[in-house]
2 protein chains.
Amino acid sequence: MDHPVIKDLNFRYACKKYDAAKRIPADKIAIIKEAMRLSPSSVNSQPWKFIIIESDEAKQRFHDTFANKFEFNQPHATEASHIILFAYNPYYTAEQYKKVVNAEVKSGHLPAEKHDEMMEKGMFFAGLNTDTKGYNGCWTKAQTYLALGNVLHTVARLGIDSTPMEGVDSELIGEIFKEELGGYVCETALALGYHLEGGDYNHGQPKARLPLEDVVTVL
Amino acid sequence: MDHPVIKDLNFRYACKKYDAAKRIPADKIAIIKEAMRLSPSSVNSQPWKFIIIESDEAKQRFHDTFANKFEFNQPHATEASHIILFAYNPYYTAEQYKKVVNAEVKSGHLPAEKHDEMMEKGMFFAGLNTDTKGYNGCWTKAQTYLALGNVLHTVARLGIDSTPMEGVDSELIGEIFKEELGGYVCETALALGYHLEGGDYNHGQPKARLPLEDVVTVL
């Protein structure tokens, strides 16, 4: 199948070694930022923060989060061009959703007189996924993975290599990036850049997915 | 920003009324299937099943799942061209992961002698997300949303309208599609097709997202 979609998804793989000399140009970073912002989410909740690590100083801070575990991902902290921390709000509230609905009215997407109706409808869906303690992190984390899927597709189209990492120390990230996270939780980071030519054992390997008949049923 | 990525993401919106006369051609469905299959997931776990509802008979079954709630999404069951049920495995086990690692070896992606090491490494990550009862549905659901984000981007590139729906009756879907789900859980469905010209209030509305500075921090 030679459609560009399939070509891009076959281009994408989990890069294991970055070329520290290669950097993503600013115009492509701008596209990635806007693509993240445009990610869909349930009831347009956008329960996320994306922290882009670009400066050497921020990279050093991210590097330090591997002090206790997942050392195999530590080199990406300084060798990748950029890292994005994907963080979700574990206690999404009506206060946050109000910002969304206000943005919908302001943009002209939603008539002002429907503001309250949308608040009620959206928070109904949040409520379905909220426990008695106000925790809805399973729901908001899933939305953040939706954004991750969107961004992974985006960067493949831009010819940028990437490494989604659950192998990050969420606790230490929570401490070291406490101020930027503001209570949000980061359990997943995405390294971005360009693989080291001849130095990445995972580059050019055949894709390994379950056969179509194992995962897709057509009725 | 006029890059094709941004154009496609602005094309995408939550379609609220489908043209029942328009159907997605088979070659595009084939691309969607392959794009889903190629979706990335943590440790390549692929803890998902995608059930594509195409026939009138299957659409009637999906229609029937709205008997008790979320009636506002019911029309999509028969008016959309296709519906995909996104289902996750709430109790992902080593038995399932063995199929993945075998596929990695068979494809040439993984040397046969690394089979056991990969089993251990992969199941370590699953284990981090598994409770004492073997439940890891929060983790596997998130992977399925990653696939959803990938597919939403894919269909936008193909000029296909879509509606991600958390407004589905997971319980009733579990009963009516019990055989196909085989213990997997569907809490999210995706309607696909083409909007009804002049009949969809949500078509052509401005995008409403939080401002970049609210969701993206560059360090």
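Since we're looking at a predicted model, the values are computed, not measured.

**Brief notes about the overall build of chain A**
So, step 1. When helices and strands are counted, chain A shows 10 helices and five strands.
So, step 2. Relative to the 2.2 N^0.38 estimate, which gives 17 Å for 219 residues, the radius of gyration of chain A is 19 Å and therefore close to what a compact globule would have.
So, step 3. Scored against the burial criterion, the 219 residues of chain A give a buried share of 54%.
So, step 4. A sequence separation of at least 24 residues applies to 80% of the contacts in chain A between residues at least 6 apart.
So, step 5. If you sum the accessible surface of chain A, you get close to 9,200 Å²; carbon and sulfur atoms cover 52% of it.
So, step 6. A gap of 2 Å separates the mean positions of the 24 positive and 30 negative side-chain charges of chain A.

**Re the state of the cysteines**
Two cysteines whose sulfur atoms are joined by a covalent bond form what is called a disulfide.
So, step 1. By the definition in use, this model includes zero disulfides over all chains.
So, step 2. We note that B:C186 lacks a disulfide partner, and the nearest cysteine sulfur, in A:C138, lies 15 Å from it.

**What to know about the UniProt feature "domain: Nitroreductase" (unreviewed entry) in chain A**
So, step 1. The UniProt feature table records "domain: Nitroreductase" (unreviewed entry) at residues 11-180 of chain A.
So, step 2. Secondary structure over residues 11-180 of chain A splits into 51% helix and 11% strand, and the C-alpha atoms at its two ends are 33 Å apart.

**Quick word on the pattern of salt bridges**
So, step 1. Applying the stated rule across the entire model yields 12 salt bridges over all chains.
So, step 2. Across the salt bridge formed by A:E187 and A:K141, the nearest N and O atoms sit 2.8 Å from each other. Here A:K141 lies in helix α7 (residues 137-157) and A:E187 lies in strand β4 (residues 185-193), a separation of 46 residues in the sequence.
So, step 3. Relative accessible area serves as the criterion here: at 6%, A:K141 is assigned to the buried category.
So, step 4. Put simply, B:K17 and B:E79 hold a salt bridge, and the shortest N to O gap is 3.3 Å. Taken together, the residues span a long stretch of sequence, with B:K17 in the loop between α1 (4-11) and α2 (26-37) and B:E79 in helix α4 (residues 74-79) at a distance of 62 residues.

**Focus on the packing of helix α1 (residues 4-11) of chain A against α2(B)**
So, step 1. Contact pair α1(A) / α2(B): the axes reach a minimum separation of 10 Å and the direction vectors enclose 10°. By the angle between their directions, the pair α1(A) and α2(B) is classed as roughly parallel. Taking contact as the criterion, the partners of A:V5, A:I6 and A:L9 in α1(A) are, on α2(B), B:I31, B:E34 and B:A35.
So, step 2. Here the residues of the contact of α1(A) with α2(B) are counted per class, giving five nonpolar, no polar and one charged.

**Brief notes about the relation of the copies chain A and chain B**
So, step 1. Note on the copies: chain A fits chain B at an RMSD of 0.0 Å, the axial shift is 0.0 Å, and the rotation between them is 180°. Between the two chains, the operation in question is that of a two-fold axis.
So, step 2. Comparing interface residues between copies, 100% of those in chain A also lie at the interface in chain B; the contact surface is shared.

**Description of the sheet that holds strand β4 (residues 185-193) of chain B**
So, step 1. Spatially, the five strands line up as an open sheet ordered β5(A)-β1(B)-β2(B)-β4(B)-β3(B), and their pairing is mixed. A strand with exactly one partner marks an edge of an open sheet, and here the two such strands are β5 (216-218) of chain A together with β3 (161-165) of chain B. The average undirected angle you get between the axes of adjacent strands in this sheet is 20°.
So, step 2. Where β3(B) and β4(B) come together, five bridges link them in antiparallel fashion. Bridging across to β4(B), B:D161 finds its partner in B:G193.

**Observations regarding the nonpolar core**
So, step 1. Counting residues in each nonpolar core, the largest one holds 78 residues, and the members touching the most others are A:I32, A:F50, A:F86, B:I32, B:F50 and B:F86.
So, step 2. Filtering out sequence-adjacent residues up to four positions away, A:I32 remains in contact with A:I84, A:V151, A:V155, A:L158, A:I160 and A:L192.

**Brief notes about the interface of chain A and chain B**
So, step 1. Between chain A and chain B, the contact holds 78 residues from the first and 78 residues from the second.
So, step 2. With a closest N to O distance of 2.8 Å, A:R157 and B:D8 form a salt bridge.
So, step 3. The interface formed by chain A and chain B includes 42 residue pairs in polar contact (both at pLDDT 80 or more).
So, step 4. Top contributing element to the side of chain A that touches chain B by residue count: α7(A), with 14 residues.
So, step 5. Residues of the side of chain A that touches chain B, tallied by class, amount to 42 nonpolar, 20 polar and 16 charged.
So, step 6. Alignment of strand β1 (residues 48-53) of chain A against strand β5 (residues 216-218) of chain B, held across three bridges, turns out to be parallel. Within β5(B), the residue paired with A:F50 across the bridge is B:V216.

**Here's the deal with the domain arrangement of chain A**
Residues and elements named next belong to chain A.
So, step 1. Each domain of chain A was delimited in the assignment, giving domain 1 (4-91 + 133-215) and domain 2 (93-129).
So, step 2. When each unit is reduced to the centre of its C-alpha atoms, the spacing between domain 1 and domain 2 is 28 Å.
So, step 3. Each partner contributes residues to the interface: domain 1 has 10 residues there, and domain 2 has nine residues.
So, step 4. The largest per-residue losses of area from domain 1 upon contact with domain 2 belong to V43, N44 and W139, which jointly make up 56% of the total buried on that side.
So, step 5. At the surface where domain 1 touches domain 2, the tally comes to zero salt bridges.
So, step 6. By residue class, the composition of the side of domain 1 that touches domain 2 is five nonpolar, five polar and no charged.

Criteria and cut-off values
Within any chain, residue numbers begin from 1 and follow the written order of that chain's sequence. As they are written, the chains are lettered A onward and the ligands numbered 1 onward, keeping that order. The predicted origin of the model limits local features to residues at a pLDDT of at least 70 and limits the giving and counting of side-chain atom pairs to 80 or more, whereas totals for whole chains, interfaces and linings rest on all residues. Computation of side-chain values covers all heavy atoms of the structure but excludes hydrogens and water. Each helix corresponds to a stretch of at least 4 residues labelled H or I by DSSP, and each strand to a stretch of at least 2 residues labelled E; elements are numbered beginning at the N terminus. We take the radius of gyration over the C-alpha atoms and set the globule estimate at 2.2 Å times the residue count to the 0.38 power. Relative accessibility decides the category of a residue: with a 1.4 Å probe and only protein chains considered, values under 20% of the type maximum give buried, values over 50% give exposed, and everything between is partly exposed. We call two residues in contact whenever any of their non-hydrogen atoms come within 4.5 Å of each other. Each accessible area value is a Shrake-Rupley result obtained with a 1.4 Å probe; residue values ignore everything except the protein chains displayed when judging cover. Only four residue types enter the tally: Lys and Arg on the positive side, Asp and Glu on the negative side, with His and both chain ends excluded. Note on charges: their place is set at NZ of Lys, CZ of Arg, CG of Asp or CD of Glu. Disulfide: a pair of cysteine sulfur atoms within 2.5 Å of each other. UniProt positions are given in the numbering used here, feature names are shortened, and annotations may be inferred rather than shown by experiment. Salt bridge, as applied in this entry: a Lys or Arg side-chain nitrogen positioned within 4 Å of an Asp or Glu carboxyl oxygen. Geometry is summarised by axes, namely lines fitted to C-alpha atoms with helices restricted to the contacting stretch, and by angles between N-to-C directions that run from 0 to 180 degrees. Angular relationships are summarised with four words: roughly parallel below 35 degrees, roughly antiparallel beyond 145, roughly perpendicular across 65 to 115, and oblique for the angles in between. Polar here means any residue other than Ala, Val, Leu, Ile, Met, Phe, Trp, Tyr, Cys and Pro, which are nonpolar, and Asp, Glu, Lys and Arg, which are charged; Gly is therefore polar. Copies overlap after least-squares fitting; the atoms used are the C-alpha atoms of residues with pLDDT of at least 70 in both. Here the rule is simple: two strands pair whenever DSSP picks up at least two bridges between them. Buried Ala, Val, Leu, Ile, Met, Phe, Trp, Tyr and Cys residues that are joined via side-chain atoms within 4.5 Å together make up what is termed a nonpolar core. Definition of a polar contact: a pair of N or O atoms within 3.5 Å, with one able to donate and the other able to accept a hydrogen when the atoms are protein atoms, and with sequence-neighbouring residues admitted only if both atoms are side-chain atoms. Start and end points for every domain follow an automatic or database-based domain assignment. Accessible area, probed at 1.4 Å, shrinks when two parts are joined; the buried area is that loss added up over both.

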